[in-house]
Amino acid sequence: MSDVLSQLLEALGPDVVSTGDAIPARYRHDWSGLAPVLPLALLRPRNTEEVSKALAICNATGTPVTPQGGLTGISGGAHPDAAAVSLSLDRMNRIEGVDPEMATLTVEAGVILQAAQAAAAEAGLMLGYDLGARGSCTVGGTIATNAGGNQVIRYGMAREHILGLEVVLADGTVVNAMNRMIKNNAGLDTKQLFIGSEGLLGVVTRAVLRLQPRPPFTATAFCGCPDLPAGLRLLTAARKALGPALTSFEVMWPSFYHFMSDGTHQRRILAEEHGIYVIVEASAFTETAAREMLETCLGAAMEEGDVADAVLAASGKDERALWAVRESVAEYPNLMGPINAFDIGIPLERMAEAVAALESGLKAKFPDAITLSYGHIGDSNLHLVVNVPSAGRQQPDKEIKGFVYGMTRDLAGTISAEHGLGLIKRAYLGYSRSPEEIALMHQVKAALDPNNILNPTKAFA
Ligand SMILES: Cc1cc2nc3c(=O)[nH]c(=O)nc-3n(C[C@H](O)[C@H](O)[C@H](O)COP(=O)(O)OP(=O)(O)OC[C@H]3O[C@@H](n4cnc5c(N)ncnc54)[C@H](O)[C@@H]3O)c2cc1C
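All values derive from a computational prediction rather than experimental measurement.

Cut-offs and rules
Residues numbered from 1 in each chain as written. Predicted model: local features only at pLDDT ≥ 70, side-chain atom pairs only at ≥ 80, totals over all residues. Heavy atoms only, no water. Helix = DSSP H or I, 4+ residues; strand = E, 2+ residues; numbered from the N terminus. Rg over C-alpha atoms; globule rule 2.2 N^0.38 Å. Contact = heavy atoms within 4.5 Å. Pairing = 2+ DSSP bridges. Axes fitted to C-alpha atoms, helices over the stretch in contact; angles between N-to-C directions. Core = buried A, V, L, I, M, F, W, Y, C linked by side-chain atoms within 4.5 Å. Buried < 20%, exposed > 50% of the residue type's maximum accessible area, 1.4 Å probe, protein only. Near = heavy atom within 4 Å. Polar contact = N/O pair within 3.5 Å; in protein donor to acceptor, adjacent residues only side chain to side chain. Nonpolar A, V, L, I, M, F, W, Y, C, P; charged D, E, K, R; others polar. Domains from an automatic or database assignment. Buried area = accessible area lost by both parts, 1.4 Å probe. Salt bridge = Lys/Arg side-chain N within 4 Å of Asp/Glu carboxyl O.

Secondary structure assignment for the chain yields 14 helices and 17 strands. Over its C-alpha trace the chain gives a radius of gyration of 23 Å, about what one expects of a compact globule, namely 23 Å for 461 residues. Its C-alpha atoms put the chain at 70 × 55 × 45 Å along the principal axes. In the chain, of all internal contacts separated by at least 6 residues, the share reaching a separation of at least 24 is 72%.

The subject of this paragraph is the sheet that holds strand E3 (residues 65-68). Across the sheet, which stays open at both edges, the four strands sit in the order E1-E2-E4-E3 with mixed pairing between neighbours. A strand with exactly one partner marks an edge of an open sheet, and here the two such strands are strand E1 (17-18) and E3. With four bridges joining them, E3 and strand E4 (residues 85-88) adopt parallel strand pairing. Within E4, the residue paired with Gln68 across the bridge is Ser88. Sitting on the sheet, helix H2 (residues 48-61) is in contact with strand E2 (41-43), E3 and E4, with an inclination near 160° to E4.

With 111 residues, the main nonpolar core has Leu8 and Leu234 as its most contacted residues. A per-element tally of this core places helix H7 (residues 228-242) first, with seven residues. Setting aside its immediate chain neighbours within four residues, Leu8 contacts Gly13, Val17, Leu43, Ala54, Ile57, Cys58 and Val85. The next biggest cluster of nonpolar side chains, apart from the first, holds 19 residues, and it includes Phe256, Ala313, Leu322 and Met336.

Near the ligand there are 35 residues, and of these Pro67, Gly69, Thr72, Gly73 and Thr138 occur at the shortest range. A distance of 2.7 Å separates an oxygen atom of the ligand from a polar side-chain atom of Thr72. Glu418 places a polar side-chain atom, nitrogen or oxygen, 3.1 Å from a nitrogen atom of the ligand. At the level of elements, E3, helix H4 (139-144) and strand E10 (203-213) are the ones that each hand at least two residues to the shell around the ligand. Ranked by residues supplied to the shell around the ligand, first place goes to H4 with four residues. A per-class count over the shell around the ligand returns 14 nonpolar, 19 polar and two charged.

Here strand E8 (residues 162-168) lies mainly inside the structure; seven of its seven residues are buried. Where E8 meets E10, six bridges bridge the pair, whose relative direction is antiparallel. Paired with Ile162 across the two strands is Leu209, which belongs to E10. As defined by bridge partners, E8 adjoins strand E9 (residues 174-177) across four bridges and the pair is classed as antiparallel. The residue of E9 that forms the bridge with Leu165 is Ala177. Taken together, E8 and the strand that follows it, E9, pair antiparallel across an intervening segment of five residues, in which Gly172 is found at a positive phi of about 100°.

Split by domain assignment, the chain resolves into domain 1 (3-88), domain 2 (95-213), domain 3 (217-323) and domain 4 (329-419). Of the residues lining the interface, 16 residues belong to domain 3; the matching set on domain 4 comes to 20 residues. Between domain 3 and domain 4, the buried area comes to about 1,400 Å², and carbon and sulfur atoms account for 75% of it. The largest share of the area that domain 3 buries against domain 4 comes from Trp253, Phe256 and Phe259, three residues that together contribute 36% of it. Run the count over domain 3 and domain 4 and you get zero salt bridges. Scanning the region where domain 3 abuts domain 4 turns up seven residue pairs in polar contact (both at pLDDT 80 or more). For the side of domain 3 that touches domain 4, the residue count by class is eleven nonpolar, three polar and two charged.

Spelled out as structure tokens, the structure:
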């Protein structure tokens, strides 16, 4: 047995450290679609002290570490490495409590996002970020990836909801930055270093989350618009008419909506086909406000010709039905097998041009390509999913990525609006960040993790 494994076993015991066949299959891959890998060892610490001991040993022996949350990441940031120990936070899943006056929720990092949301709801409050992977992703993972979701247009990304963190640095030092106040300008706000750092700068072990009152009434509309420019005029009108009540603005191109509604055997909401489909959601503290504001906004957009047809949900059940196809993205593996999934950001004035050029360019290269376009367009975030059926399991990944990221760079967009770089996008960082920004990232990494043990082959490492 190697020196590092015997030290880890001695310090943490066999309940925390497992190797070889004892590592369950679910810890051998994440949601990136990369082939499963058996890590050097799997560590499942029960508390911050054990995380600290594990990192101190790995740092002293120069052993790489892969922090893992719920393994729902799509960029491969938590994907195991045969030369690294995987450090799963899944046992650190204690909800420490809600403080209703401060409107905060304190949790360990391995708490599942949905459980954190439920704890906030039980106290009559709300955690303002949400994503499709809510039932499996951890709070720590959403912090490490600065996750977004369907309500970013109203509430912002995970970063907006983090007041304080406890982080263990690569050498095992525990940094207590568990601030609970909204305002704290005493020096640098060090927690910001770790939010969105994809496990390269430290391991998040606890967090103080900011809560807010939940607007109890929502109104949801499913609209058919002639094209994206009309959809963007609807976005501008909805921002003006609804103000902060505008909670979601999701766009689906026919490529996505028709393929996914047919593939998942769901009825199409509107009788006719349209250039794009938009889900607009408003939320407010009175029922009439949410519904009337949305109705007025849609009525005006219909008069302008920007909305051709729309359905307004009459009940919670209707609302879920309007969202059902948009929320069916976990079905990709069943419907298509291996895919290339993109979460690019494109300035809105170039979005229509981008989608047309990406879909037609990919079809020109691969005539049978399936390309699905949709996204959080209110946040300039486009999701594109590509599968070339004739290529089977050997998808032309490099050519597809080169084309999509090249066009993203040329349109002054970002190669990652929300999922991070992980393994899959790291080679393209220079397409979206300047050499000076990348050099600064390397300086920060070297300062916090001089032995380069935390996710050393991922993201900006
Ligand atoms: C169906 C589905 C829908 C999704 N929808 C969205 C969406 O709308 N918006 C969005 O942004 N993402 C979305 N995602 C992506 C994913 O859910 C998020 O990236 C999520 O934040 C990952 O959390 P996790 O706990 O699964 O982290 P993991 O996948 O385990 O890890 C992700 C990264 O964080 C690091 N990490 C994990 N935990 C810690 C920790 N405690 N300390 C330090 N580093 C850590 C890992 O090393 C890795 O780099 C979706 C994924 C799926 C499968």
